[in-house]
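# Reading the structure
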Amino acid sequence: MSMELAIWTQYYHDLTPEDAVKEFIKNGIYAAELSDEHGRDLLERSDDVIATGKAFAEFVKENSFTMTQGHLWLNIRLCARPNDVYELLRWIDLYEAIGIKNMVLHCDGSSYGELGYEACAAQNIEKLKIIAEYIKDKDITVCLENLGTVVASIDQILYLIESVGSDKLGICLDTGHLNLQQDKDQRNFILKAGKRLRALHIADNEGERDQHMMPFTRGNIDFVTVVHTLKDIGYEGLFNLEIPGENRIPLELRNEKIKYVKSCYDYLMRCE
């Protein structure tokens, strides 16, 4: 079993979505997660988001590229701004037209401090039910990313999913976010997520802040265990790196870093 290497398109944040794809291909990367920034770029091109998505899908196909994962609206506030959930449906339409099957979503912990976990979770469940109803007949999964408070742990994510009661909700593991929690056990998270795990944000940090670094630099996440456990559950999605901490450098140097990323990936896939 092998997971295809991918990188979040925000790695080329200063390029158009099309030019980012071309740059990845030039550097031997043939898959990516569509970033929020590039998603918004496409969304703002036309009121007809489906036509825009289909045109971009044709470009991706013509270049023999893979884009089955995408990050939905990064700064959405499902609870604090109730109308955001309806704007999100346009993002879903766009991504579906592109051919993105696994769409990553942030839940909203903005009311956590004021209302506590139960009430905050209930607000998210209400909005997630709207999303689940909208996608119930679509060949897509909305993947809840571990983040912050209301979905900081795998148990909290599973609680939201089970409360919504839809098989259209999945899970995205962000290894960097998990490394900032009291329970940092990547293996336990993956095993509990099981077949619901449909997307990955692979990133490293030193355990103090979300640094979004490549594996095997200054961070302390055990990526060998991560990969072994992904293989144990039969994970079949993209091995997607979310590493914006590496991209505030000239384009030429970013391309050099991709050589190292590919070496890390090859090493991890060989580890027994």
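As a starting point, this report considers the structure included with it.

Looking now at the packing of aromatic side chains. One pass over the structure, following the stated rule, counts 10 aromatic pairs. When the centroid spacing of 5.3 Å and the interplanar angle of 80 degrees are considered together, the rings of Tyr-11 and Tyr-12 count as edge-to-face. Comparing Tyr-11 with Tyr-12 shows no difference in burial state: the two are buried. Where Phe-216 meets Phe-223, the ring centres are 6.4 Å apart and the plane angle is 65 degrees; that geometry is what we call edge-to-face. Classification of Phe-216 as partly exposed rests on a relative accessible area of 37%. Accessibility expressed as a relative area gives 1% for Phe-223, which makes it buried. Connected via pairs of aromatic rings, a cluster forms that spans Tyr-11, Tyr-12, Phe-24 and Phe-65. Of note, Lys-138 hangs over the ring of Tyr-134, and the distance from its end group to the ring centre comes to 5.2 Å.

Below, the discussion takes up the layout of surface pockets. In this structure, the largest pocket occupies an estimated 230 Å³ of space. Along its surface, the largest pocket is lined by 14 residues, and Leu-197, Arg-198, Tyr-235, Glu-236 and Gly-237 are the ones closest to its centre. For the lining of the largest pocket, the residue count by class is four nonpolar, six polar and four charged. Taken as a whole, the second largest pocket holds about 150 Å³ of empty space. If you go around the second largest pocket, you meet 13 residues; those closest to its centre are Arg-77, His-106, Cys-107, Gly-109 and Leu-147. Counted by class, the lining of the second largest pocket contains six nonpolar, five polar and two charged residues.

A few words on a nonpolar patch on the surface. A cluster of nonpolar side chains, Phe-216, Tyr-260 and Tyr-267, forms an exposed patch at the surface whose accessible area comes to about 280 Å². Its location among the elements puts Tyr-267 in helix α11 (residues 251–270). For Tyr-267, a relative accessible area of 40% puts it in the partly exposed group.

Moving on: the environment of Glu-62. Tracing the backbone through its elements, the reader meets Glu-62 in helix α3 (residues 49–62). A residue is classified by how much of its surface remains accessible, and Glu-62, at 59% relative accessible area, is exposed.

For the rest of this paragraph, the subject is the nonpolar core. Residues Leu-105, Leu-197 and Phe-239 are the most contacted members of the largest nonpolar core, which totals 81 residues. When residues of this core are assigned to their parent elements, the largest contribution, eight residues, is made by helix α4 (residues 84–98). Those residues in contact with Leu-105 that sit more than four places away from it in its chain are Leu-72, Ile-76, Leu-78, Leu-88, Leu-128, Ile-131, Val-142, Cys-143, Leu-144 and Glu-145.

Turning to helix α1 (residues 17–26), a few remarks are in order. Those residues of α1 lying buried are Pro-17, Glu-18, Ala-20, Val-21, Glu-23 and Phe-24. Considering only its buried residues, α1 is in contact with β1 (5–8), β2 (31–34), α2 (36–43), α3, β3 (66–71) and α11. Residue Gly-28 follows α1 closely and has a positive phi angle near 80 degrees.

Take the pairing of β3 next. Across three bridges, the pairing between β2 and β3 is parallel. What sits directly across from Ala-31, in β3, is Thr-66. Looking at chain direction, β3 and strand β4 (residues 102–105) are connected through three bridges and run parallel. Across the sheet, His-71 pairs through a bridge with Val-104, a residue of β4. Note that the unit made of β3, α4 and β4 has a crossover that is right-handed.

By the secondary structure assignment, Thr-229 is in helix α10 (residues 223–232). Look at Thr-229 and you get buried, because its relative accessible area is 0%. A polar side-chain atom of Thr-229 sits 2.9 Å from a polar atom in the side chain of Arg-187. With near-sequence residues (within four places) excluded, Thr-229 lies in contact with Arg-187, Ile-190 and Leu-191.

All chains considered together, the criterion is met by 15 salt bridges. When the shortest N-O distance is used, the salt bridge between Glu-96 and Lys-138 registers 3.1 Å. With Glu-96 in helix α4 and Lys-138 in the loop between α6 (117–134) and β5 (141–145), this residue pair connects regions lying 42 residues apart in the sequence. Since its relative accessible area comes to 31%, Glu-96 is described here as partly exposed. Counted as one network, the salt bridges with shared partners bring together Glu-18, Asp-41 and Arg-45.

What counts as what
Residues numbered from 1 in each chain as written. Predicted model: local features only at pLDDT ≥ 70, side-chain atom pairs only at ≥ 80, totals over all residues. Heavy atoms only, no water. Phe/Tyr/Trp six-rings, centres within 6.5 Å; stacked < 30°, edge-to-face > 60°. Buried < 20%, exposed > 50% of the residue type's maximum accessible area, 1.4 Å probe, protein only. Lys NZ or Arg CZ within 6 Å of the ring centre and 35° of its normal. 1 Å grid on protein atoms, 1.4 Å probe; cavity = no way out; pocket = protein on both sides within 12 Å on 5 of 7 lines; lining within 4 Å. Points joined across faces, edges and corners; volume = space filled by probe spheres on them. Nonpolar A, V, L, I, M, F, W, Y, C, P; charged D, E, K, R; others polar. Patch = residues over 30% accessible without salt bridge, like charges linked within 9 Å, V, L, I, M, F, W, Y side chains within 5 Å. Areas by Shrake-Rupley, 256 points an atom, 1.4 Å probe, with all protein chains shown as cover. Salt bridge = Lys/Arg side-chain N within 4 Å of Asp/Glu carboxyl O. Helix = DSSP H or I, 4+ residues; strand = E, 2+ residues; numbered from the N terminus. Core = buried A, V, L, I, M, F, W, Y, C linked by side-chain atoms within 4.5 Å. Contact = heavy atoms within 4.5 Å. Pairing = 2+ DSSP bridges. Right-handed = clockwise from strand over helix to strand, strands pointing away. Polar contact = N/O pair within 3.5 Å; in protein donor to acceptor, adjacent residues only side chain to side chain.

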